[in-house]
Protein chains: 2
Amino acid sequence: MIEDKNNARTPLGELGEFTLINHLTRDFSNKRNTTIKGVGDDAAIIDPNNEQVVLTTDMLIEGVHFDLSYMPLKHLGYKAVVVNLSDVCAMNAIPTQVTVSIAVSNRFSVEALEDFYAGIKTACDIYDVDLVGGDTTSSVTGLVISVTAIGTVKSENIVYRNGAKPNDLLVVSGDIGGAYMGLQVLEREKEVFKVNPNNQPDLSMYSYIIERQLKPEARKDIIELLEKLEVKPTSMIDISDGLSSEIIHLCKQSEVGVELYENKIPLDPQVISVCEEFDLDSTTIALSGGEDYELLMTISQQDYDKIKGNPNLTVIGFISEAAVGMHLITRAETKVELIARGWKSF
Amino acid sequence: MIEDKNNARTPLGELGEFTLINHLTRDFSNKRNTTIKGVGDDAAIIDPNNEQVVLTTDMLIEGVHFDLSYMPLKHLGYKAVVVNLSDVCAMNAIPTQVTVSIAVSNRFSVEALEDFYAGIKTACDIYDVDLVGGDTTSSVTGLVISVTAIGTVKSENIVYRNGAKPNDLLVVSGDIGGAYMGLQVLEREKEVFKVNPNNQPDLSMYSYIIERQLKPEARKDIIELLEKLEVKPTSMIDISDGLSSEIIHLCKQSEVGVELYENKIPLDPQVISVCEEFDLDSTTIALSGGEDYELLMTISQQDYDKIKGNPNLTVIGFISEAAVGMHLITRAETKVELIARGWKSF
């Protein structure tokens, strides 16, 4: 499906490990004044300037988390970084540095890894983070990626998952369900391609949702917006699994209940139309789809005026006492218990 | 060779991802006052108390970096943490936190992962570091481990690889070559085991070198010793590859030359006798063996009196101008050019 326009193919074995990592990272430079030492020593040195350090890590496995038959390596490099930056943002922090380790089998060429690192560099440039370390090694089969992201935040600004209080508003950034429907379109095209490799599909009508799947963004802009609006959420989490399982995480850790309004869940028109095309219920997709990397937060009611009418933030429900339980209020105004149907790895 | 005394076997699929990670980390608790938030949120929060943050990461792949036929999972967990702590120590810093991510195939049981995490816990306890995050996911084949280690260091105490100056002394901690010879013994026993699985080898005469391979230590004690002795090395690196390639790293980054004395290289008597048994030259093993995780450093001559006679530190050479080149002075007092024969991943 995705054409390899780069015909050159240099076997990995032609470069040694040190030469390879130097080659792949040659275009990276450090932009952050908190980066005291990047790649090239036993470890990186970061000066958090009296702020606290946020640390998160994630591992992505070929055949489990991504499928290279429709995921270009450049996009994969971008996404691998972004999903970790998203976790940093979910602490109300600004991401500052990443490390990227990869294990690759010999079926990958130097040119393929160049594409992968081009994606990492794009993410580093767009999000203003420095690549400060990592590891490049061989694998027996397939591609394994491990990214660690670092951020900094003033102690008083940290937002945990466990701070939601009864009467707080439940708020989500952007719109949801798109990444999952993008995946459905890509999976369908992969099956079509298997039958007829000459088929050139027109995917332009799916461009938004495919981009949501292949090139998700971390909502660093929302962290900056919240600071500008002087809103400190009472709790926050990023939506890597479905909306429902993330809401349940927030509520369980905060020991509260919730009422979520089906008619308030923000959906892009393309998600609605593609759900119809696939004969899927768009609310189910929003609740269980995953990989949108939007931010889910709770804010105090007194902050409502500050976010009212902001197109980036939608109030989708409110927090109640734990005893009330966790419910979805449907369009038909019936109350349904909220259950987690997030992605299960095993 | 290593008997599985634990006969219970719970398939991984019986526990979900969240339950599994909670189960595996249930005995871990945070001991460090710099750990503000450990596992359980989008990211960990670390307060470096105005010190600088040291960050390093490493990936270990089954079949490339370790062989489970002689590496017990508990030792593997221990070693995976320790090799990263060693990198933190090599910056003259004290390790404080780690994250551990693993990808495992279904051939591993919950009990096997419990062994692996028991090794991680032992390392965390011995080195006084907190496990503050990670990821547990499924792999298509084999076991993949990615560890990130964090440490803290006062800005003025950081030691890089590039600070060696002509006339500095070249110093190594402990003794070297043991880990590599331990691997040779284990590889030989694996071949014997393949022929006769009932063979019960007596490995007691190899206990030191096998432990060097299976349970290496990070020389945090040397960092503490150097502080007590009031010695700040001018450059430092840990010996993960062979001694010669690490010396070459220090010299190239510092733009200096070196004279290394063969008769000064510290070898354990067991290394010497097993080298004889395997008909290998012990100097070659010390220069090229790797995985000893000792610290290689340069110190100013005026600090010599502070380390003189200390059984943990051996002067093995001295630094010269770059133009002089990098040489080994053999026992026969001939000068041989130093070449890197470190481990090559591809």
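For the structure, check the block above.
Since the model is a prediction, treat every value here as computed from it, not as a measurement. (Residues numbered from 1 in each chain as written. Chains lettered and ligands numbered in written order. Predicted model: local features only at pLDDT ≥ 70, side-chain atom pairs only at ≥ 80, totals over all residues.)

**Q** I'm lost on the relation of the copies chain B and chain A in this one. Help?
**A** The relation between the two copies of this chain is a rotation about an axis and a shift parallel to it. Superposing chain B onto chain A requires a rotation of 180 degrees together with a translation of 0.0 Å along the rotation axis, leaving an RMSD of 0.0 Å. Look at the turn and shift together and you get a two-fold axis relating the two. Taking the C-alpha atom as reference, chain B places Asn50(B) closest to the rotation axis, 2.7 Å from it. Mapped onto chain A, 100% of the interface residues of chain B are again interface residues, and the two copies thus contact each other with one and the same surface. (Least-squares fit on C-alpha atoms with pLDDT ≥ 70 in both. Contact = placed C-beta atoms within 7 Å.)

**Q** Please clarify how the interface of chain B and chain A should be interpreted in this entry.
**A** By a frequent convention, interface size equals the accessible area lost on bringing the separate parts together. In this assembly, 55 residues from chain B lie in contact with 55 residues from chain A. Among the secondary structure elements, those contributing two or more residues to the side of chain B that touches chain A are β1 (35-37), β2 (44-46), β3 (52-61), α2 (73-89), β4 (94-104), β5 (130-138), β6 (144-153) and β8 (235-238) of chain B. With 9 residues, β3(B) is the single largest residue contributor to the side of chain B that touches chain A. Bridge count for strand β3 (residues 52-61) of chain A against β2(B) is 3 bridges, and the pairing is antiparallel. (Helix = DSSP H or I, 4+ residues; strand = E, 2+ residues; numbered from the N terminus. Pairing = 2+ DSSP bridges.)

**Q** What's the story with the pairing of β4(B) in this structure? I'm lost.
**A** It is a general feature of regular strands that their side chains alternate between the two faces of the sheet. Residues and elements named next belong to chain B. Among the 11 residues that make up β4, 11 are buried, leaving the element largely enclosed by the rest of the structure. The sheet contact formed by β4 and β6 spans 9 bridges and is antiparallel. What sits directly across from Ala103, in β6, is Val144. Judged from the 8 bridges that link them, β4 and β5 form a sheet pairing that is parallel. Residue pairing in the sheet places Val98 in a bridge with Leu131 of β5. Between the parallel pair β4 and β5, the chain is carried across by helix α3 (residues 110-127), and the sense of this crossover is right-handed. (Buried ≥ 20, exposed ≤ 12 C-beta atoms within 10 Å, placed from the backbone. Right-handed = clockwise from strand over helix to strand, strands pointing away.)

**Q** What is the right way to read the nonpolar core from this model?
**A** One recurring pattern in soluble globular proteins: nonpolar side chains tend to sit buried together. Ranked by size, the top nonpolar core spans 207 residues in total, and within it Val54(A), Val81(A), Met91(A), Val54(B), Val81(B), Met91(B) and Leu296(B) carry the most contacts. Setting aside anything within four residues of it in sequence, one finds Val54(B) in contact with Ala43(A), Ile45(A), Val88(B), Met91(B), Ala93(B), Ile150(B), Gly151(B), Thr152(B) and Val153(B). (Core = buried A, V, L, I, M, F, W, Y, C linked by C-beta atoms within 7 Å.)

**Q** Help me out: how do you make sense of unusual backbone geometry in this one?
**A** One non-glycine residue, Asn167(A), adopts positive backbone phi at about 85 degrees. Following the sequence through the fold, Asn167(A) ends up in the loop between β6 (144-153) and β7 (169-173).

**Q** Where do I start with helix α3 (residues 110-127) of chain A in this structure?
**A** Because each turn of an α-helix spans 3.6 residues, side chains separated by three or four positions end up pointing in the same direction. All names here are of chain A. Its 18 residues place the ends of α3 26 Å apart at the C-alpha level, agreeing with the 26 Å of an ideal helix rising 1.5 Å per residue. Within α3, the full set of buried residues consists of Leu113, Phe116, Tyr117, Gly119, Ile120, Lys121, Ala123, Cys124 and Tyr127. Of the residues flanking the end of α3, it is Asp128, one or two places downstream, whose phi is positive at about 55 degrees. (Expected span 1.5 Å × (residues − 1).)

**Q** Whenever I open this one, the sheet that holds β6(A) confuses me. Can you help?
**A** Sheet strands pair via backbone hydrogen bonds, and the direction of the pair is either parallel or antiparallel. Taken together, the 6 strands give an open sheet; going across it, the order is β5(A)-β4(A)-β6(A)-β3(A)-β2(B)-β1(B), and neighbouring strands pair in mixed fashion. Looking at strand neighbours, the two that pair on one side only are β5 (130-138) of chain A together with β1 of chain B, the edges of this open sheet. Each adjacent strand pair in this sheet contributes to an overall mean axis angle of 20 degrees, direction not counted. Against the sheet, helix α2 (residues 73-89) of chain A makes contact with β3, β4 (94-104) and β6 of chain A, and its axis sits at roughly 30 degrees relative to β6(A), the strand it touches most. (Axes fitted to C-alpha atoms, helices over the stretch in contact; angles between N-to-C directions.)

These values are about where atoms sit, not about what they do.
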